[in-house]
Amino acid sequence: MQLQLQGLSHAYGETTVLQDINLQVSAGKILCIVGPSGCGKSTLLRLMGGLEKPSTGIVTLQGTPPQGCLNPLTYIFQDFALLPWRNVADNISLVLEDHHLSRAEHEQIINDVLSRTRMSDFRHALPRQLSGGMKQRVAIARALAVKPAVLLMDEPLSALDSQTRELLLEDLLQLWTAEPFTGVYVTHNLSEAVRLGHEIVVLSRHPGRIFETVSMSTPLSERDFNNAEMEQTRQHLWQMMRDEAAQADRELV
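This structure is a prediction, so every number in the text was calculated from the model and none was measured.

Topic: the environment of K135
Right, on to step 1. Mapping K135 onto the fold places it in helix α4 (residues 132-145).
Right, on to step 2. Assessed through its relative accessible area of 23%, K135 is described here as partly exposed.
Right, on to step 3. Between the alpha carbons of K135 and W238 there is a distance of 31 Å; along the sequence they are 103 residues apart.
Right, on to step 4. Apart from the residues lying within four places of it in its own chain, the contact partners of K135 are F80, L82, P127 and L130.

Topic: the domain arrangement of the protein
Right, on to step 1. Looking at the assigned domains, one finds that the protein contains domain 1 (1-69 + 148-252) and domain 2 (86-146).
Right, on to step 2. The partner domain 2 presents 11 residues to the 14 residues of domain 1 that form the contact.
Right, on to step 3. Among the residues domain 1 hides against domain 2, the three largest losses belong to P148, L168 and L175. Together they make up 43% of the total.
Right, on to step 4. Among the ionic pairs, D171 bridges to R137, the shortest N-O distance being 2.7 Å.
Right, on to step 5. Here domain 1 is connected to domain 2 by 3 residue pairs in polar contact (both at pLDDT 80 or more).
Right, on to step 6. Considering each element in turn, the side of domain 1 that touches domain 2 owes the most residues, 6 residues, to helix α5 (residues 162-178).

Points about the packing of α4 against α5
Right, on to step 1. Where α4 contacts α5, the two axes come as close as 10 Å, and the packing angle between them is 20°. As judged from the angle between their axes, α4 and α5 are roughly parallel. The chirality of how α4 crosses α5 is right-handed. Where α4 approaches α5, its residues G133, Q136, R137, I140 and L144 are matched on the opposing element by T164, L167, L168, D171, L172 and L175.

Comments concerning the packing of helix α3 (residues 103-116) against α4
Any two packed helices are characterised by the angle at which their axes cross and by the distance between the axes.
Right, on to step 1. Across the interface, α3 lies against α4 with an axial gap of 9 Å and an inter-helix angle of 135°. With respect to their mutual orientation, α3 and α4 come out oblique. You can see that α3 and α4 cross each other, and the crossing is right-handed. Two secondary-structure elements touch here, α3 through I109, V113 and R116 and α4 through A141, L144 and A145.
Right, on to step 2. Its residues assigned to classes, the contact of α3 with α4 comprises 5 nonpolar, no polar and 1 charged.

Quick word on the nonpolar core
Right, on to step 1. In terms of nonpolar packing, the biggest core is built from 51 residues, with I92, Y185, I200 and L237 touching the most fellow members.
Right, on to step 2. At 8 residues, the largest contribution of residues to this core is made by α4.
Right, on to step 3. Both domains that meet at this core, namely domain 1 (1-69 + 148-252) and domain 2 (86-146), each give it at least three residues.
Right, on to step 4. Excluding its chain neighbours within four sequence positions, the residues that come into contact with Y185 are I30, L31, C32, I33, M153, P156, L157, L169, L172, E192 and L196.
Right, on to step 5. I21, L23, I33 and V150 belong to the second-largest nonpolar core, a separate cluster that totals 24 residues.

Topic: unusual backbone geometry
Right, on to step 1. Of note, K147 is a non-glycine position whose phi angle comes to about 45°, a positive value.
Right, on to step 2. Considering the arrangement of structural elements, one finds K147 in the loop between α4 and β6 (150-154).
Right, on to step 3. By relative accessible area, K147 is classed as partly exposed at 37%.
Right, on to step 4. Located in the positive-phi region is E155, a residue other than glycine, with phi close to 45°.
Right, on to step 5. Along the chain, the position of E155 falls in the loop between β6 and α5.

Parameters at a glance
- Residues numbered from 1 in each chain as written.
- Predicted model: local features only at pLDDT ≥ 70, side-chain atom pairs only at ≥ 80, totals over all residues.
- Heavy atoms only, no water.
- Helix = DSSP H or I, 4+ residues; strand = E, 2+ residues; numbered from the N terminus.
- Buried < 20%, exposed > 50% of the residue type's maximum accessible area, 1.4 Å probe, protein only.
- Contact = heavy atoms within 4.5 Å.
- Domains from an automatic or database assignment.
- Buried area = accessible area lost by both parts, 1.4 Å probe.
- Salt bridge = Lys/Arg side-chain N within 4 Å of Asp/Glu carboxyl O.
- Polar contact = N/O pair within 3.5 Å; in protein donor to acceptor, adjacent residues only side chain to side chain.
- Axes fitted to C-alpha atoms, helices over the stretch in contact; angles between N-to-C directions.
- Parallel < 35°, antiparallel > 145°, perpendicular 65-115°, else oblique.
- Left-handed = near helix turned anticlockwise from the far one by under 90°.
- Nonpolar A, V, L, I, M, F, W, Y, C, P; charged D, E, K, R; others polar.
- Core = buried A, V, L, I, M, F, W, Y, C linked by side-chain atoms within 4.5 Å.

Given below as structure tokens:
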């Protein structure tokens, strides 16, 4: 399925956060959203997922849901959002409990997503026993369990150290390669954006507008630290964002 945004603007009181956003998230592709602090990246993601209603404009989900889809729009958050009293399998089970699934179907889904995220050996562990990277793998497994039409990711790796981030990036790439999904990935990290994005949307300083949309031609499977397009694109993105990022850094909240 694909996500379409038309004439989207949003304000909190008299403060306009986003203005005249028009974009399409193509089916089976990952769209990355970058921009200076306070430009409305996370707000835009909440509007896409229906957590907030835009002041003006519309968000539509078009196409046929994937087979077995239990929830068309699903989030992966920065803070993992795991229930500390539930073990790994039970945290994943939480998103399945309101659906009419047999016990066998329930277990099959949990086993499948644990295997895909390499967490099968930790199904009985509690969140406090897990590293940050393992907690985020559980959050990813939980999101995959409902076979979403669109996966919405709000800076999911920003709380992790650089080595763990790299491992999780590889995991996300492998998951997409094995079974391509439609995704929106919000990040302040330009290296993550050029590693994961088929398209990268750059938002301006507030009110956030689309400054530019950059398309990547290198297949995800061929992107590594030696890829020339990735480095050229990263430099291009930074040149666009540098002055506005510096101004945003000096503004009062």
